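Next come the chains, spelled out residue by residue.
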Amino acid sequence: MTHIIKNNTLEIAVDLPLENYEGSRFDWSGKISSVRFENLPLTTIEDTESKNVDFLGKGLYNEFGITSPVGFEETPMGGWFHKIGVGLLKKQHKEYLFHRNHLIKPARFDVNYENKKIIIICKSELINGYSYILKKEITVSENSFTINYSLHNTGEKKIITDEYVHNFMAINNALIGEDYTLKFPFQINPSLFDETVNSENKVEIGLDSITFNKTPKQQFYFGNLTGGEELKAEWILTNLKANVGIKETGSFKTEKINVWGWRHVISPELFFKISVDPKLKKIYDEITNLVKIDVITKL
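So, how was this worked out
- Residues numbered from 1 in each chain as written.
- Predicted model: local features only at pLDDT ≥ 70, side-chain atom pairs only at ≥ 80, totals over all residues.
- Heavy atoms only, no water.
- Pairing = 2+ DSSP bridges.
- Helix = DSSP H or I, 4+ residues; strand = E, 2+ residues; numbered from the N terminus.
- Axes fitted to C-alpha atoms, helices over the stretch in contact; angles between N-to-C directions.
- Phe/Tyr/Trp six-rings, centres within 6.5 Å; stacked < 30°, edge-to-face > 60°.
- Buried < 20%, exposed > 50% of the residue type's maximum accessible area, 1.4 Å probe, protein only.
- Lys NZ or Arg CZ within 6 Å of the ring centre and 35° of its normal.
- Salt bridge = Lys/Arg side-chain N within 4 Å of Asp/Glu carboxyl O.
- Contact = heavy atoms within 4.5 Å.

Participant: Looking at this model, I keep getting lost on the sheet that holds strand S6 (residues 80–83). Mind explaining?
Facilitator: Backbone hydrogen bonds hold the strands of a sheet together, and the pairing may be parallel or antiparallel. Spatially, S6-S7-S8 is the arrangement adopted by the 3 strands of the open sheet, whose pairing is antiparallel. The open sheet has two edge strands, S6 and strand S8 (104–106), and neither has a second partner. Taking each pair of neighbouring strands and ignoring which way they run, the sheet shows an average axis angle of 30°.

Participant: What is the right way to look at the packing of aromatic side chains in this model?
Facilitator: Applying the stated criterion across every chain yields a total of 15 aromatic pairs. Taken together, a centroid distance of 5.3 Å and an interplanar angle of 65° make the contact between Tyr21 and Tyr61 edge-to-face. One end of the pair, Tyr21, is in the loop between strand S2 (10–15) and strand S3 (31–37); the other, Tyr61, is in strand S5 (residues 60–64), with 40 residues separating them in the sequence. Look at Tyr21 and you get buried, because its relative accessible area is 2%. Using a relative accessible area of 1% as the deciding quantity, one classes Tyr61 as buried. Within the aromatic cluster, the residues linked to one another by ring pairs are Tyr21, Phe26, Tyr61, Phe168 and Trp260. Lys105 extends its terminal NZ or CZ atom over the ring of Trp80, reaching a point 4.4 Å from the ring centre.

Participant: I'm lost on the pattern of salt bridges in this one. Help?
Facilitator: One side chain can pair with another of opposite charge once the charged atoms of both are near each other. Per the counting criterion, the structure on display carries 14 salt bridges. Lys232 is the salt-bridge partner of Glu234, the closest N and O atoms lying 3.2 Å from each other. For Glu234, a relative accessible area of 9% gives the class buried. Of the charged contacts in the structure, one is a salt bridge between Glu234 and Lys247, with a shortest N-O distance of 3.9 Å. Separated by 13 residues along the polypeptide, Glu234 in strand S19 (residues 231–239) and Lys247 in strand S20 (residues 244–254) bring together distant segments of the chain. Several salt bridges converge on common partners, so that one network encompasses Glu114, Lys117, Lys135 and Glu137.

Participant: Sorry, what's going on with the pairing of strand S22 (residues 266–270) here?
Facilitator: Each regular strand displays side chains that alternate between the two surfaces of the sheet. Of all 5 residues in S22, 5 are buried, a share of seventy percent or more. Burial along S22 is two-sided: the face carrying Ile266, Pro268 and Leu270 and the face carrying Ser267 and Glu269 are both buried. With 5 bridges joining them, strand S21 (residues 257–261) and S22 adopt antiparallel strand pairing. Looking at the pairing, Ile257 lines up with Leu270 of S22. Counting the residues that bridge the hairpin from S21 to S22 gives 4 residues.

Participant: I tried to follow the environment of Pro17 on my own but got confused; where do I start?
Facilitator: One can find Pro17 in the loop between S2 and S3. C-alpha of Pro17 to C-alpha of Ile119: the two residues are 102 residues apart in sequence and 11 Å apart in space. Here Pro17 is in contact with Trp28, Lys31, Phe109, Val111 and Ile120, once residues within four sequence places are set aside.

Here it is as structure tokens:
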């Protein structure tokens, strides 16, 4: 079942935790599967040719611990480890790979509805000394919406991980090409990137922006645009033909921004470092962050 939050201009489709997407990668709490502005689609799907849509990313899906989920390294083979926002995953390989689909024991989810808002709470069980409560609020307001996260550490060990939103953007379903510009509030230095995949040379890196001279047929990727420096968490994607732009702003400084894309999609990703101490005398330590998405017109 999909829950719709909307106002006069925006419509946000949120898939409920145990519905639709069934993969072990992305957070099940508040799965934003699509965003529309004045009936104009702003988001798309990871792979338009795949038939396994319930195991693909779409819309604004987020993920905790892309390289190593909480407790993975100390979990014995055949044991269970946490994937925050999903539940427990079974360890069947020595190395964790985010694109593998693991056996899942879903966490407990509670859903509450308010006017122009949905609140989803994910509660884990205690495994290997780790447990948590994740609360996510998605709220629509005029030409924007916010995603407010709170992560409570209810376990016995410190939670150290990261989180990002894998924004699957495509304005009016337009192919990625000359009409698009992705801009950042800092200068970009390609020599500091962790990885560059641009085999067709159709992606151009400017002083503070990424543009395209043609539509890429192959996937492209740029790792760590900040070069490890702590910078403002923000990006703006515009499409001149549609006369629409989308801006994401995080309430935190980011040390890593990745950009992935294909012919039909572009995904700027703001990473948020997380370090939450264990509970002490029943007082839960927590960390919060807020992501705001604004739709801009009349470019």
